[in-house]
Structure formats: C-alpha cells, structure tokens
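Okay, here's what each chain looks like letter by letter:
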Protein chains: 2
Amino acid sequence: MDAVKVIEIKKSVFADNDIDAGNLRNELKDRGVYLLNLMSSPGSGKTTTLIKTINLLKDKIRIAVMEADIDSNVDAIKIKEETGVDSIQLHTGGMCHLDAEMTRQGLSNLPDGGVDLVILENVGNLVCPAEFDTGAVRNAMILSVPEGHDKPLKYPLMFSVCDVVVINKMDVLPYFDFDLDKCTEYVHIRNPRAQLIPICARTGEGVEAFAEWLLKEVKEWKNN
Amino acid sequence: MDAVKVIEIKKSVFADNDIDAGNLRNELKDRGVYLLNLMSSPGSGKTTTLIKTINLLKDKIRIAVMEADIDSNVDAIKIKEETGVDSIQLHTGGMCHLDAEMTRQGLSNLPDGGVDLVILENVGNLVCPAEFDTGAVRNAMILSVPEGHDKPLKYPLMFSVCDVVVINKMDVLPYFDFDLDKCTEYVHIRNPRAQLIPICARTGEGVEAFAEWLLKEVKEWKNN
C-alpha cells in the first residue's frame, strides 16, 4: 500500500504553455508560494539531494514536494519518510516532461494549508523538460560526476534555462574523468550567470550552499 | 574543423512511424544490413562502449556508426579517431529521439560501399527514444552503475523494448549502492527475455560478451 497520494496527470489542453506558465507564476506570487523546478538525468541523485536540503530547511520554511515520474511511487514515499514534509507523486502517463498545466494539476492536489516552497522533481531527462516552462520561479538542475563534464555541450537548452547547476557525487571524483573547471566553462557557455554548487548528497557535504541559495530565493519572492 | 560528416535531421512527415519502421527493416534485410539502436541516459558510456566493441569486431564485419545528438560532434569524431570506422553525426535540432524516417536520413548519408552493421547511438534519454521504432533489428541499452538499480521501475518502456541491457561502469560498484541481483529482477519484470551483460567499458572488461552477441545477431540476420 502506498503511503503517498498518487496523481495521474492528464495531458494539457492549453496551446500556449508560455502564457499559461506566466499566469501560474503570477498566481503563485499572489499566494506567496515559491516553486522550484528541479531537473536532471535519471540517477543523478535528485531525491537524495532533496532529502538533505529539506532537512536543512524544514524548520525555517513550510515545504512540499511533487515527485514526477512515468511510473513508481518510490521517490514520494522516500521523501515523506525521510523528511516528514508533504510529498505527492505525479504520474505522467508516459510523458517525458511537465508543462504549466500539468504542474497546476499537481499543485491543486497538495494538502490544504500554506506552504512557502514547493519543489517539483521533474522527470529524469535532460532534453524535453527543458523545453517546457512549468511556471516555476527558477529552474535548477543536478549533474552528477559520473555523467561527465561534457554534458553542457550535448544538452544545450537544459543548461541555458537553469540558474543553478548542482554538481553531485563529488565523493567519486577520483574514480571518474570529470574536470570541474571544464564543466564550469561549458556551463557558462550556455548560461554565463549560472551558479555551480558542488555537493555530495550521500554525505550531505556542500548541500548547505544549495539550501542557503534556496532559502534566500524564497524570502526574496515573498517579500518583493 | 570537424573531421566527420554532420547531418541536420529534418522532422518526419510520416504519420505512422510503426509502418515506416517495418518498411525500413525490410529494406535493410534486402540489403543485408543489420541496424542496432543503442539507447541510454546521458553519460552512461555509450560512446566508450561502442569504441571497445567496434575494435573487437571491425576485422570480422564492416561497421558504420551514426551518432545522434542535439548538438556537438564530439562523439562521431571520437568514434572515427579511435576505431577508424565510418562515423557520421546526426543533429536532431532539439528533438529528443529518432524515428524511422530520421534514421533513414542518416543511413542515406553513410559512405557508399557495403556495411554489415550500422550502430545508431540514439539521443541520451530514457524516455522518448523508447517510444519510437527506428527500424532497427534490435534495441539495446546501457545502464551504468551510478544511475542505480531502480531505473527499470521508473522507465518501464525503455526496459520493455530492449533485448540487451549492458550494465556499464562495473569497476565503480564498490562506491555505489547498486544491487545487480535486484537490477536483474527489475529488468525481467519489464522484459523476461532481456539479457544483462555487465561490463566496464573503460577497461574493456566484459565487452567481449556484448561483441559476441552482436556478431551472432549480424550473422543470423544476413543468413536467414
């Protein structure tokens, strides 16, 4: 039996996702809710990073999580069990991304009562999620060391739309041919303002920097 | 200056990709060409695996490679430099997958003269490429140890359509929480006939088993 709410997301009917995403962002602004869209390849460590980040922030702000996956509920259950915050699973029915209307369907299924921060863990995919504005205030992504430092060359749009690139699995750097300087250079070709945050989600090392960035973002969103 | 041919793939006009893929497979059968569609997440080691595999097979059969990427030509250049076989780069123009017509565009740009085996390295993505029959005789995929053994639960279609699942980066098994028995169990939920081949592409360990499978496949395709 699943311990979390599971939402079967329906395909969007809106023709212009950009307009819809702008509307959703305005709605969230009015409600004082900050939405973060977190993207990455499969297996880069999104869920583990979220658990460590949420545990650093949950006593300071009210947080909820939406886990998007084609199938399975393991991530939403894990988030709920290991952080205690509200977590729901969005099933995309085979779809490779979420757009603004699909994100709205998820938001409307969050438990009642205010939240300051909703984190959307998008489908593990470096291509399609980058093409659809979810209505989030910011996009962030995780690139893990085993994936290689050349990924910004191969998946340009993903790195262009993200303001923060978390570099995860820094603990296995000695076993892989990953050059952090080259990675930084390639990321900045795509987005010169992007901030890189090296972490090891497994041990928690470096996660504080990501949590601090996020907390500052949420406070600015609510106060400006 | 690029050392390889780069093809900008155009969007397909065919409504029914399944019919088109069947036609392409028949054409390839008539020409005695075996097409393998190789898929994986970004950074799982497709190109390195191909280089090691091709170097084991290139004196036995004639091989060509089509590298599909949204951007960059680094993979096609690397294949050509490190194996000597004909290699072309397909740019998908932002598209997240290849279908049969896009594959046909690539095949028509391969150098003249017969080949026995064409390997298509699909876009790094565990979602969309699984939805489109490329016209290949077989689908194979690479799952690397750092990605985790739970991927067949999260990306069901990809594991359903693949006959071979190469488990790469076995050398870093001690540093990751990856359970090969569980992975095998999860893969077989999706496709009970799927064959798992553990390898380390970096050192070449285990690649011989994949090369042997592929050689047997090519011979059977040409002779039956």
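Here's what I pulled together on the structure shown here. Not measured: the values here are computed from a predicted model.

**Focus on the overall build of chain A**
Tallying secondary structure elements over chain A gives eight helices and eight strands in all. Its C-alpha atoms give chain A a radius of gyration of 16 Å, near enough to 17 Å, the size a compact globule of 224 residues would have. Overall, the C-alpha framework of chain A stretches about 45 × 40 × 35 Å when taken along its three principal axes. Counting across all 224 residues of chain A, residues that qualify as buried make up 60%. The contacts of chain A with a sequence gap of at least 6 include a subset with a gap of at least 24, amounting to 76%. For chain A, the centre of its 25 positive side-chain charges and the centre of its 35 negative side-chain charges are spaced 2 Å apart.

**Section: the sheet that holds strand 8 (residues 195-198) of chain B**
Residues and elements named next belong to chain B. Sheet architecture is open: eight strands sit in the order 1-4-3-5-2-6-7-8, paired in parallel fashion. Strand pairing shows two members of the sheet lacking a second neighbour, strand 1 (5-8) and strand 8, which therefore form its edges. When strand polarity is set aside, the average angle formed by the axes of neighbouring strands in this sheet is 25°. Strand direction decides the pairing type here: strand 7 (residues 164-168) and strand 8, joined by four bridges, are parallel.

**Description of the relation of the copies chain A and chain B**
The two copies are related by a screw operation: chain A maps onto chain B through 180° of rotation and 0.0 Å of translation along the axis, at an RMSD of 0.0 Å. In the structure described here, the two chain copies are related by an operation that fits a two-fold rotation axis. For chain A, the smallest separation between a C-alpha atom and the rotation axis is recorded for A:Asn125, amounting to 2.9 Å. Interface residue correspondence from chain A to chain B reaches 100%, placing this contact among same-surface, isologous pairings.

**Looking at the sheet that holds strand 2 (residues 34-40) of chain A**
All names here are of chain A. Taken in spatial order, the eight strands make up an open sheet running 1-4-3-5-2-6-7-8, and their pairing is parallel. Single-partner strands in this sheet number two, and they are strand 1 (5-8) and strand 8 (195-198). Each neighbouring strand pair of the sheet contributes to a mean axis angle of 25°, computed without reference to strand direction. The pairing of strand 1 with strand 4 (residues 86-91) spans four bridges and is parallel. Of the residues in strand 4, the one forming a bridge with Lys5 is Ile88. Along the sheet, helix 3 (residues 74-83) makes contact with strand 3 (63-69), strand 4 and strand 5 (117-121), crossing strand 4 at roughly 175°. Together, strand 2, strand 5, strand 6 (138-144), strand 7 (164-168) and strand 8 form the strand contacts of helix 8 (residues 207-223), whose direction differs from that of strand 2 by roughly 145°.

**Topic: the side chain of A:Lys46**
Residue and element names in this part refer to chain A. With respect to the secondary-structure elements, Lys46 resides in helix 2 (residues 46-57). Although Lys46 is buried, it forms no salt bridge, and the closest oppositely charged side chain is Glu121 at an N-O distance of 4.2 Å. For Lys46, the residues in contact, after removing those within four places along its chain, are Leu38, Met39, Ser40, Ser41, Glu121, Asn122, Gly124 and Ile142.

**A word on the pattern of salt bridges**
Any two side chains of opposite charge can pair, so long as their charged atoms come close to each other. Under the counting rule described, the total for this entry stands at 26 salt bridges over all chains. Among the salt bridges present, the one from A:Glu217 reaches A:Arg138, with a minimum N-O distance of 3.0 Å. Of the two residues, A:Glu217 is situated in helix 8 and A:Arg138 in strand 6; the sequence distance between them amounts to 79 residues. The buried category is assigned to A:Glu217, whose relative accessible area is 12%. On the basis of relative accessible area, A:Arg138 is assigned to the partly exposed category, the value being 29%. With a closest N to O distance of 3.7 Å, B:Arg138 and B:Asp163 form a salt bridge. Remark: B:Asp163 occurs in the loop between helix 6 (156-161) and strand 7 and B:Arg138 occurs in strand 6 (residues 138-144); sequence separation between them is 25 residues. Through salt bridges with shared partners, a single network forms among A:Asp20, A:Glu27, A:Glu101 and A:Arg104.

**Observations concerning the packing of aromatic side chains**
Scanning the model with the defined rule gives six aromatic pairs over all chains in all. Look at A:Phe176 and B:Phe176: their rings are 6.4 Å apart centre to centre, the planes differ by 75°, and that puts the pair in the edge-to-face class. Highlighted residues: A:Phe176 in the loop between strand 7 and helix 7 (180-190) and B:Phe176 in the loop between strand 7 and helix 7 (180-190), drawn from two different chains. Accessibility assignment for this pair places A:Phe176 and B:Phe176 in one class, buried. Geometrically, the ring pair formed by B:Phe210 and B:Trp213 is stacked, given 5.9 Å between the ring centres and 15° between the ring planes. Residue B:Phe210 and its partner B:Trp213 are located together in helix 8 (residues 207-223), separated by three residues, close to a single helical turn. Relative accessible area serves as the criterion here: at 1%, B:Phe210 is assigned to the buried category. For B:Trp213, a relative accessible area of 12% gives the class buried. Just above the ring of A:Trp221 sits the side chain of A:Lys29; from NZ or CZ to the centre is 4.6 Å.

About the thresholds
- Residues numbered from 1 in each chain as written.
- Chains lettered and ligands numbered in written order.
- Predicted model: local features only at pLDDT ≥ 70, side-chain atom pairs only at ≥ 80, totals over all residues.
- Heavy atoms only, no water.
- Helix = DSSP H or I, 4+ residues; strand = E, 2+ residues; numbered from the N terminus.
- Rg over C-alpha atoms; globule rule 2.2 N^0.38 Å.
- Buried < 20%, exposed > 50% of the residue type's maximum accessible area, 1.4 Å probe, protein only.
- Contact = heavy atoms within 4.5 Å.
- Lys, Arg positive; Asp, Glu negative; His and termini not counted.
- Charge placed at Lys NZ, Arg CZ, Asp CG, Glu CD.
- Pairing = 2+ DSSP bridges.
- Axes fitted to C-alpha atoms, helices over the stretch in contact; angles between N-to-C directions.
- Least-squares fit on C-alpha atoms with pLDDT ≥ 70 in both.
- Salt bridge = Lys/Arg side-chain N within 4 Å of Asp/Glu carboxyl O.
- Phe/Tyr/Trp six-rings, centres within 6.5 Å; stacked < 30°, edge-to-face > 60°.
- Lys NZ or Arg CZ within 6 Å of the ring centre and 35° of its normal.

Shape descriptors only; they carry no functional weight alone.
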